[in-house]
Amino acid sequence: MSFKISDKIKLAVKQSPEQVTRINIGDLTIGGNHVIVMAGPCSVENREQLLKAAQVVKDAGGHILRGGAFKPRTLPYSFQGLGEEGLEILAEARDKTGLPVVTEVLAPEDVELVESYADILQIGARNMQNYPLLKKVGKAEKPVLLKRGMAATIEEWLGCAEYILAGGNMNVILCERGLRSFDKVTRNILDVTAVPVIKQVSPLPVVLDPSHGTGVRSLVSPMAKAGVAAGADGLMLEVHPYPEKAMSDGAQSLPPEMFRRLMSELKPVAEAVGKSV
Ligand code: PEP
Ligand code: MN
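Okay, so let's go over this structure.

## Considering the overall build of the chain
- Across its full length, the chain carries nine helices and 10 strands.
- For the chain, whose C-alpha radius of gyration is 17 Å, the value lies close to the compact-globule estimate of 19 Å for 277 residues.
- Seen through its C-alpha atoms, the chain measures out along the principal axes to roughly 50 × 45 × 40 Å.
- Looking at the chain as a whole, 59% of its 277 residues are labelled buried.
- Considering only intrachain contacts with a sequence separation of at least 6, the fraction spanning at least 24 residues in the chain is 70%.
- Element-wise, carbon and sulfur atoms account for 53% of the exposed surface of the chain, whose accessible area totals about 11500 Å².
- For the chain, the distance from the average site of its 32 positive side-chain charges to the average site of its 32 negative ones is 4 Å.

Written as structure tokens, this is what we have:
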């Protein structure tokens, strides 16, 4: 392999070129030939909003429902999420639609609670290097979606995945969500190159998040397609029934009709790289 990745990373790096980790969630497989779309609002705001979003995701052909109940906000005055009430609403949406749920866990002491509701535990970009949290989810039963820190190298990101794998939890999904840069035109610089790098060096599935990666609604669809073309195993997309009223990340959230259009436009892109969506 021609990439410079520390040979001390054992589990998060391929030991042979064919090695692939496939993660099963209900009937879904992440890391196979089917592109998995995780979509939903940034935050669970209330029951009506989340159930509506879940139905939009389901009807458009999305596979997994996302939504934050514990929110990592830049300021303490911003909406911090509904906590356990948000988890209950997510579980209700899963019951109604059949969609598995991915949601963020912010703190080690909340892992058991979040795990009792969620199908996938999300570790946010700000917590990528929260080692006590990584060790805790390394002992969890549920798969973990590990977002790349906003200033993390690929090697550091794989090192954090190694913490979870070394704890015994082999079901880790990596998520590229954009890097901090000097250019303020977009919220972040989405590192699409990380997708084929991960596919070549790591057995773990990799998902692209063009919502946080760009911060701009009109850029989500082109970058989602770029991610699928580059070989992403899935996408994480923010979708809101009324983005203009969103309590967080409205500017990057797709309204229902844009999400539906994107889902149909992804099909030929996936087919072009030998996959389906
Ligand atoms: C989110 O998914 O809403 C989120 C907070 O993402 P990130 O950790 O990538 O900023
Ligand atoms: Mn968000």
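What follows picks up the thread again.
## Some points on the sheet that holds strand β4 (residues 64-66)
- The eight strands are arranged β3-β4-β5-β6-β7-β8-β9-β10 in a closed barrel whose pairing can be described as parallel. Looking at each pair of strands side by side, their axes are set apart by 25° on average, direction ignored.
- Of the strands in this sheet, β4 and β5 (101-104) are in contact with helix α2 (residues 84-97), which crosses β5 at around 165°.
- With respect to the sheet, helix α8 (residues 217-229) is in contact with β9 (206-208) and β10 (234-238), its orientation differing from that of β10 by roughly 165°.

## What about the coordination of the manganese ion (ligand 2)?
- Coordination sphere of the manganese ion (ligand 2), protein contribution only: C42 (SG), H212 (NE2), E238 (OE) and D249 (OD), at 2.0 to 2.4 Å.
- The sequence pattern describing where the donors of the manganese ion (ligand 2) fall on their chain is C-x169-H-x25-E-x10-D. Remark: E238 occurs in strand β10 and H212 occurs in helix α7 (residues 210-214); sequence separation between them is 26 residues.
- Under the relative-accessibility criterion, H212 is labelled buried at 8%.

## Quick word on the site of ligand 1
- Of all residues adjacent to ligand 1, which total 13 residues, the nearest are R66, A125, R126, K147 and R177.
- K71 places a polar side-chain atom, nitrogen or oxygen, 3.0 Å from an oxygen atom of ligand 1.
- In the environment of ligand 1, an oxygen atom lies 2.9 Å from a nitrogen or oxygen atom belonging to the side chain of K147.
- Its free accessible area being 300 Å², ligand 1 has 97% of it covered by the protein chains.
- Split by residue class, the shell around ligand 1 holds three nonpolar, three polar and seven charged.

## Topic: the nonpolar core
- In terms of nonpolar packing, the biggest core is built from 73 residues, with L146, L158, L174 and F259 touching the most fellow members.
- It is helix α5 (residues 154-166) that provides the largest number of residues to this core, a total of seven residues.
- With near-sequence residues (within four places) excluded, L146 lies in contact with I123, M128, L134, W157, C160, A161, I164, V172, I173, L174 and C175.
- Core analysis: the next-biggest nonpolar cluster, separate from the first, contains 14 residues, I25, V102, L145 and V207 among them.

## Some thoughts on the packing of aromatic side chains
- Inspection of the entire model under this criterion finds one aromatic pair.
- Pairing Y131 with Y163 gives two aromatic rings, centres 4.7 Å apart and planes at 35°, and the pair type is tilted. With Y131 in helix α4 (residues 131-137) and Y163 in helix α5, this pair connects stretches of sequence that are 32 residues apart.
- On the basis of relative accessibility, which here comes to 32%, the residue Y131 falls in the partly exposed class.
- Positioned above the aromatic ring of Y242, the side-chain terminus of K245 is 5.4 Å from the ring centre.

## Topic: the packing of α5 against helix α6 (residues 194-201)
- Closest axis-to-axis distance for the α5/α6 pair is 12 Å, and the angle between their directions is 50°. Taken together, the axes of α5 and α6 lie oblique to each other. Considering the relative orientation of α5 and α6, their crossing is right-handed. Between α5 and α6, the residues in contact are I154, W157 and L158 and A194, V197, I198 and V201, respectively.
- Class assignment for the residues of the contact of α5 with α6 results in seven nonpolar, no polar and no charged.

Thresholds, definitions, all that
- Residues numbered from 1 in each chain as written.
- Chains lettered and ligands numbered in written order.
- Predicted model: local features only at pLDDT ≥ 70, side-chain atom pairs only at ≥ 80, totals over all residues.
- Heavy atoms only, no water.
- Helix = DSSP H or I, 4+ residues; strand = E, 2+ residues; numbered from the N terminus.
- Rg over C-alpha atoms; globule rule 2.2 N^0.38 Å.
- Buried < 20%, exposed > 50% of the residue type's maximum accessible area, 1.4 Å probe, protein only.
- Contact = heavy atoms within 4.5 Å.
- Areas by Shrake-Rupley, 256 points an atom, 1.4 Å probe, with all protein chains shown as cover.
- Lys, Arg positive; Asp, Glu negative; His and termini not counted.
- Charge placed at Lys NZ, Arg CZ, Asp CG, Glu CD.
- Pairing = 2+ DSSP bridges.
- Axes fitted to C-alpha atoms, helices over the stretch in contact; angles between N-to-C directions.
- Donors = N, O, S within 2.8 Å, 3.2 Å for Na, K, Ca; no water.
- Near = heavy atom within 4 Å.
- Polar contact = N/O pair within 3.5 Å; in protein donor to acceptor, adjacent residues only side chain to side chain.
- Nonpolar A, V, L, I, M, F, W, Y, C, P; charged D, E, K, R; others polar.
- Core = buried A, V, L, I, M, F, W, Y, C linked by side-chain atoms within 4.5 Å.
- Phe/Tyr/Trp six-rings, centres within 6.5 Å; stacked < 30°, edge-to-face > 60°.
- Lys NZ or Arg CZ within 6 Å of the ring centre and 35° of its normal.
- Parallel < 35°, antiparallel > 145°, perpendicular 65-115°, else oblique.
- Left-handed = near helix turned anticlockwise from the far one by under 90°.

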